[in-house]
Amino acid sequence: MRSSRTSLIRRTAVAVAAVTAALALAACGNDSGSGGSGHEGHGSSASASSTGDHNGQDVSFAQGMIPHHQQALEMARLAAGRARSAQVKDLAARIEKAQDPEIRTMSGWLRTWGEEVPSAMPGMDHSADSGMTGMMDTKDMTALEKASGAEFDTMFLTMMIEHHKGAVEMAEAEKSKGSYGPATSLADDIVTAQTAEITEMNKLLGKS
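Reading the values: rules and limits
Residues numbered from 1 in each chain as written. Predicted model: local features only at pLDDT ≥ 70, side-chain atom pairs only at ≥ 80, totals over all residues. Heavy atoms only, no water. Helix = DSSP H or I, 4+ residues; strand = E, 2+ residues; numbered from the N terminus. Areas by Shrake-Rupley, 256 points an atom, 1.4 Å probe, with all protein chains shown as cover. Axes fitted to C-alpha atoms, helices over the stretch in contact; angles between N-to-C directions. Parallel < 35°, antiparallel > 145°, perpendicular 65-115°, else oblique. Left-handed = near helix turned anticlockwise from the far one by under 90°. Nonpolar A, V, L, I, M, F, W, Y, C, P; charged D, E, K, R; others polar. Core = buried A, V, L, I, M, F, W, Y, C linked by side-chain atoms within 4.5 Å. Buried < 20%, exposed > 50% of the residue type's maximum accessible area, 1.4 Å probe, protein only. Contact = heavy atoms within 4.5 Å. Arc of directions from axis to C-beta. Polar contact = N/O pair within 3.5 Å; in protein donor to acceptor, adjacent residues only side chain to side chain. Expected span 1.5 Å × (residues − 1). pLDDT = per-residue confidence, 0-100.

Turning to the overall build of the protein, a few remarks are in order. What the protein contains, in helices and strands, is nine helices and zero strands. Shown N-terminal to C-terminal, the secondary structure of the protein runs as helices and strands in the order α-α-α-α-α-α-α-α-α. With an accessible surface of roughly 9400 Å², the protein has 52% of that area assigned to carbon and sulfur atoms.

What follows is the structure, encoded as structure tokens:
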């Protein structure tokens, strides 16, 4: 994963021209705004008032997924002013709409359980060594913040695919080892929605 991450910027530069053409073609027939990807509704499905038993996996899932989501939101919020593609902007808006409520839901669980809630302070450490798969490091995030237009679109999609794959891996662990119903339900939603978005982003990159 580490070697893949360090080569993101190089691969992005090579892919920009091809992706620009792919995005232009997709704009002619893509109706992703109406189709959605299943992200919406995560908060409602996982915000049940149940106070059933939870285990250590449930705590680890919430404490890991909160900063993971926070970084995804940080990336998504850059798209409004930097992306060229309407499809990329739409995707970023949907990611923000889904993951912000999920952060609040998971924070609520942790407070109820008497566990530490990860900080939501902006500018958090983007450490690739945090133990959370798919997280971008400071170099990656700095490059994304400096990019614009087609370069941003390609870099955003490439990074977000890796980020989503990490979230899916974390959610699969929760599904198999967690015991708190709302948490395993949220994990299932994340797997479904983010897997669909990975497919969508690969299409925008011309990889499918």
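It is worth spelling out the packing of helix H8 (residues 149-177) against helix H9 (residues 181-204) at this point. Following both chains from N to C, one finds H8 and H9 inclined at 155°, their axes separated by 8 Å at the closest point. The angle between H8 and H9 places the two elements in the roughly antiparallel class. By crossing handedness, the relation of H8 to H9 is classed as left-handed. In the contact of H8 with H9, the residues fall into 13 nonpolar, five polar and six charged.

What follows is about the nonpolar core. Counting 26 residues, the largest nonpolar core has Met75, Leu144, Phe152, Phe156, Leu157 and Met160 as the members making the most contacts within it. The set of elements that each furnish at least two residues to this core consists of helix H5 (56-82), helix H6 (86-113), helix H7 (138-146), H8 and H9. The element that contributes the greatest number of residues to this core is H8, accounting for seven residues. The residues touching Leu157, leaving out its near neighbours within four places in the chain, are Val88, Leu91, Met201, Leu204 and Leu205. Formed by 23 residues, the second largest nonpolar core is a distinct cluster that contains Ala62, Met106, Leu110 and Ile190.

What follows deals with H7. Among the residues of H7, Asp140, Met141, Ala143 and Leu144 are the ones counted as buried. The arc that holds the buried residues of H7, viewed along the axis, is 160°, so those residues lie on one side. In H7, those exposed residues whose orientation departs by more than 90 degrees from the buried face are Lys139 and Lys146. Where H7 begins, the side chain of Asp137 points an oxygen toward the backbone nitrogen of Lys139, at a separation of 3.3 Å.

Side chains three or four residues apart in an α-helix point the same way, a direct result of the helix having 3.6 residues per turn. In this model H9 runs 35 Å from its N-terminal to its C-terminal C-alpha over 24 residues, within 8% of the 34 Å that 1.5 Å per residue would give. Of the residues trailing H9, Gly206 is marked for its positive phi of about 75°.

The next subject is the environment of Lys97. Note that Lys97 resides in helix H6. The spacing of Lys97 and Ala76 is 21 residues in sequence and 10.0 Å in space, taken between C-alpha atoms.

Turning next to the packing of H5 against H9. Their axes nearest at 11 Å, the elements H5 and H9 cross at an angle of 40°. The orientation of H5 with respect to H9, classified from their angle, is oblique. Crossing geometry of H5 relative to H9 is assigned as left-handed. Every residue of H9 that contacts H5 at Asp58, Phe61, Met65 and His69 is listed here: Ala183, Leu186, Ala187, Ile190 and Gln194. By residue class, the composition of the contact of H5 with H9 is six nonpolar, two polar and one charged.

Bringing the confidence of the model for the protein into the picture now. On average, residues of the protein carry a pLDDT of 81, and 69% of them reach 70 or more. Within the model, the stretch residues 13-38 combines pLDDT values under 50 with 31 contacts to residues more than four positions away or in other chains. For residues 40-50, every residue scores under 50 in pLDDT, and the model assigns this stretch 19 contacts once sequence neighbours within four places are set aside.

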